[in-house]
Amino acid sequence: MKKQLPDCEVHFLTKPAFQYIYKNNPYLSALHLLSPKLSDTIRAIKQQNFDLIIDLHNNLRTSIIKASLNIPSSTYKKDRIRKWLALKFKWHKLIPSEHLVDRYMDTVKFLGIKNDLQPIDYYISGDYKLEDFLPPSHRNKFVAFVIGATHFTKRLPNDKIIEICKNIKHPIVLLGGSDVQENAAFIQKQTGAHVFSTCGTTNLDQSVFLVSKAYKVIGFDTGLTHISEAFNKPLASIWGGTTPELLGVQPYQISESLIAGVELSCRPCSKFGLEKCPLGHFKCMKNIPEGIIVDFING
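Presented here is a report on the structure given in the accompanying data block.

How each quantity is defined
Residues numbered from 1 in each chain as written. Predicted model: local features only at pLDDT ≥ 70, side-chain atom pairs only at ≥ 80, totals over all residues. Heavy atoms only, no water. Helix = DSSP H or I, 4+ residues; strand = E, 2+ residues; numbered from the N terminus. Buried < 20%, exposed > 50% of the residue type's maximum accessible area, 1.4 Å probe, protein only. Salt bridge = Lys/Arg side-chain N within 4 Å of Asp/Glu carboxyl O. Phe/Tyr/Trp six-rings, centres within 6.5 Å; stacked < 30°, edge-to-face > 60°. Lys NZ or Arg CZ within 6 Å of the ring centre and 35° of its normal. Core = buried A, V, L, I, M, F, W, Y, C linked by side-chain atoms within 4.5 Å. Contact = heavy atoms within 4.5 Å.

1. Let's talk about unusual backbone geometry
So, step 1. Look at the link from Arg267 to Pro268: it is a cis peptide, with omega at 0 degrees.
So, step 2. Structurally, the position occupied by Pro268 is in the loop between β10 (257-260) and α11 (283-286).
So, step 3. For Asn232, which is not a glycine, the phi torsion comes out positive at approximately 50 degrees.
So, step 4. For Asn232, a relative accessible area of 33% translates into the label partly exposed.
So, step 5. One non-glycine residue, Gln253, lies in the positive phi region at around 50 degrees.
So, step 6. Tracing the backbone through its elements, the reader meets Gln253 in the loop between α10 (244-247) and β10.

Okay, structure coming up:
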């Protein structure tokens, strides 16, 4: 929008927890954060005298904001019913084939905005160096392996990660939060010196920096994996109980990618992941062949 309508002001409203994604974006005129009370947020943004709302969330909160401001708006269409039917009855043909980015772009078509077909943008906050985080052995042509994810059904079991790591010929850096720090220590112990863990010792901005310097990336359906697309790194994304087609979040505008997942009648079992496999077998992750991932990374 800012590139194609240079005289416009683009403001962005998000939760405080997500401000790191946007606070360094040079195309934003201002970043606004949701207050604990929605009425305080509405009062603050009313003072800005906006001309237009682009609603990319389409939930109760944004509906209240739009009604309170009473100005023109354009809203992302979520296709809730079709997604529910596709998830409940596995009617995959109901799912739109468009990527989420392209569906977001529909909200600004009426302004004459066209997709520039470029990778996503991400702006790292800190001025970091590899030696701040990695030993000399892992600073050249390393593979970033994102082993963290919010929900269990998005994570590959440790034994599968270990087998993949053992067969990759490049140094490997494990990335994730403190919730997978113990997992990472176990994986590191079982695989040897060519695997180095930063899990629980780096913040998200630092992890994004490491991803930006990686040779290739392996990751699950999680934020850091999707952010890696901003740096056009060859990406092997591994999918268990969730599928990229349901949400339209397959790798976007990157030159080389692999989507690893297995066809099962029970998959997908959720849109955003679950704390355990509903059927108890977890075949969606356990049946993924390690070889295709290893070959992609080593190739």
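2. What about the pattern of salt bridges?
So, step 1. Evaluation of the coordinates by the stated rule reveals six salt bridges.
So, step 2. Note that Lys160 and Glu290 form a salt bridge whose closest N and O atoms lie 3.6 Å from each other. Taken as a pair, Lys160 in helix α6 (residues 158-167) and Glu290 in helix α12 (residues 290-298) lie far apart in primary sequence, 130 residues in all.
So, step 3. Judged by its relative accessible area of 8%, Lys160 falls in the buried class.

3. Notes on the packing of aromatic side chains
So, step 1. For the structure shown, the criterion picks out seven aromatic pairs.
So, step 2. Taken together, a centroid distance of 5.6 Å and an interplanar angle of 70 degrees make the contact between Tyr128 and Phe133 edge-to-face.
So, step 3. Cluster of aromatic residues (ring-pair linked, three or more members): Tyr128, Phe133 and Phe209.
So, step 4. The ring of Tyr215 carries the charged tip of Lys141 above its face, separated from the ring centre by 4.8 Å.
So, step 5. Directly above the aromatic system of Phe296 lies the positively charged group of Lys216, at a separation of 5.4 Å from the ring centroid.

4. Focus: the nonpolar core
So, step 1. Of all hydrophobic cores here, the largest spans 32 residues; its most connected members are Phe145, Ile147, Leu174, Ile218, Ile238 and Ile293.
So, step 2. Elements represented by at least two residues in this core include exactly β5 (143-146), α6, β6 (172-175), α7 (181-191), β9 (235-238), β10, α11 and α12.
So, step 3. Residue contacts for Ile293: discarding those within four places in its chain leaves Ile164, Ile218, Ala236, Ile238, Leu258, Ala260 and Ile288.
So, step 4. The next biggest cluster of nonpolar side chains, apart from the first, holds 22 residues, and it includes Tyr128, Phe133, Val208 and Val217.

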